[in-house]
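Structural features, examined
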Amino acid sequence: MKSDLKNVTIIGSGAWGSALATLVQTNQHHVQIWSRQSQLSLAEMVSNSDAIVSAVSIKGVRAIAEKLQTAKLQPHTVLVSATKGLEPVTRQTPSQIWRSLIPDHPLVVLSGPNLSKEIMMGQPAATVVASTEASAAQFIQNIFASRNFRVYTNSDPIGVELGGTLKNVIAIAVGACDGLNLGTNAKSALITRSLIEIIRVGVYFGAQPETFWGLSGLGDLLATCNSNLSRNYQVGYAIAQGLSLEEAIANVQGTAEGVNTANVLIEISDREKISVPVSRYVYRLLKGEITLQQAVEGLMERDLKPEN
Ligand SMILES: NC(=O)C1=CN([C@@H]2O[C@H](COP(=O)(O)OP(=O)(O)OC[C@H]3O[C@@H](n4cnc5c(N)ncnc54)[C@H](OP(=O)(O)O)[C@@H]3O)[C@@H](O)[C@H]2O)C=CC1
Ligand SMILES: O=C(CO)COP(=O)(O)O
């Protein structure tokens, strides 16, 4: 193997893990995917890895990080978190889980407007790799960047991560808005007002507000709210067609993280008194507390106020 070619392990053989593996392979790096079905143990697979990319859904992150805690890694191995979710109970982001369990390896968050099916078809896309260690972000940038995949570095990992996580709740709202045929004005208002509440939550977590105007914030919000490839959008759209939440989830291929994220987000916003009206209506809708029609009326009839 040429010396600039790296050993990369992707954890998770779902839609995102498979797309990320394809991107790494494009650059001739040596890539292996570990899944719970793999014959080789995770510890064996990662022993010679320059980078380990976790692309599992939030419910698997802690178990995977705990497995890696006992594995013998190369001292220089960079950990990459590509999950978009919030952990119930601890209310931690994936990178916070990784940081708490494996503190002595560089950690990078990878997030952006990255619908895996488009990436698998070789369509152009851009993403962000964020770390408090610039050299680690650059290392991962070089592994993934190719003609079809433009990779930017960023120094605000929590902001990059939360943009990707919180937009999933909004995509459910926008899918429902489209499912009801409420029109482009309604959709634009919903997306724009939602970005403000995403920023409020992000600032509580210590993120930089301007991060949310970038690819991992507004970029991912637009991608997810404008594509029926998005599983979260599909959930909202299906509910607008009259399906129950359970039926909507069953109809979706793969993980729609926004359903769990809405629960955790509302716990946080209740405790910290953060105003997240759109996400709250999504939460109440998913809980069956209100109908979709009541959600629309409720959002339109809120007290009048200045925009900012
Ligand atoms: N698909 C997309 O377009 C994108 C997805 N993401 C994010 O990536 C994450 C994974 O999404 P995606 O691949 O699409 O989802 P899929 O439903 O296709 O795959 C789920 C993945 O999560 C793993 N997993 C699920 N439960 C557990 C568990 N209890 N323990 C360990 N691993 C578990 C599965 O592991 P195994 O392989 O071992 O079965 C599988 O790799 C999500 O957070 C999603 O928001 C981010 C950007 C784009
Ligand atoms: O995060 C994504 C695109 O960036 C994928 O969105 P879904 O999880 O809603 O499919």
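Look up a bit, the structure's there.
So, here's what we can say about the structure. Predicted model, so just to flag it, every value in this text is computed and none were measured.

What counts and what doesn't
- All residue numbers here refer to positions counted from 1 along the written sequence of the relevant chain.
- Whichever chain is written first is A, and whichever ligand is written first is 1; the rest continue in order.
- The predicted nature of this model means local features are confined to residues of pLDDT at least 70 and side-chain atom pairs, given and counted, to a pLDDT of 80 or more, with totals for whole chains, interfaces and linings taken over all residues.
- Each side-chain value is worked out from all heavy atoms of the structure, with water and hydrogens disregarded.
- Salt bridge criterion: a side-chain nitrogen from Lys or Arg within 4 Å of a carboxyl oxygen from Asp or Glu.
- The way it works is that DSSP assigns letters per residue, a run of H or I at least four long becomes a helix, a run of E at least two long becomes a strand, and they are numbered from the N terminus.
- The buried label goes to any residue with under 20% of its type's maximum accessible area, the exposed label to any with over 50%, and the partly exposed label to all in between, with areas taken from a 1.4 Å probe on protein chains only.
- Throughout, the term near means that a residue has one or more heavy atoms lying within 4 Å of the molecule or strand in question.
- Throughout this description, a polar contact denotes any pair of N or O atoms lying within 3.5 Å of each other; where both atoms belong to protein, one of them has to be capable of donating a hydrogen while the other can accept it, and for residues adjacent in sequence the pair is counted only when both atoms sit in side chains.
- A 1.4 Å probe and the Shrake-Rupley method give the accessible areas. Residues count as covered only by the protein chains that appear here.
- Note that Gly is not counted as nonpolar here; it falls among the polar residues with everything else outside the nonpolar set of Ala, Val, Leu, Ile, Met, Phe, Trp, Tyr, Cys and Pro and the charged set of Asp, Glu, Lys and Arg.

On to the pattern of salt bridges, then. The full count for this structure, using the stated rule, is eight salt bridges. Here Arg280 ties to Asp270 by a salt bridge, and the two come within 2.6 Å at their closest N and O atoms. On the criterion of sequence distance, the pair formed by Arg280 in helix 13 (residues 277-286) and Asp270 in helix 12 (residues 258-272) is long-range, its members being ten residues apart. On the basis of relative accessibility, which here comes to 40%, the residue Asp270 falls in the partly exposed class.

Phi is positive for Gln28, which is not a glycine, with a value near 70 degrees. Within the element layout of this structure, Gln28 appears in the loop between helix 1 (15-26) and strand 2 (30-34). Phi at Val89 is positive, roughly 70 degrees, even though this residue is not glycine. Looking at the secondary structure, you find Val89 in the loop between strand 4 (78-81) and helix 4 (94-101).

Quick look at the site of ligand 2 now. Near ligand 2 there are 13 residues, and of these Lys167, Asp220, Ser230, Arg231 and Asn232 occur at the shortest range. In this structure, an oxygen atom belonging to ligand 2 sits 3.0 Å away from a main-chain N or O atom of Gly112. One nitrogen or oxygen atom from the side chain of Lys167 is found 2.8 Å from an oxygen atom belonging to ligand 2. Calculation on ligand 2 without its partners gives an accessible area of 300 Å², and the protein chains cover 92% of this total. Elements represented by at least two residues in the shell around ligand 2 include exactly helix 7 (157-179), helix 9 (215-225) and helix 10 (231-240). Of the residues belonging to the shell around ligand 2, the class tally is three nonpolar, six polar and four charged.

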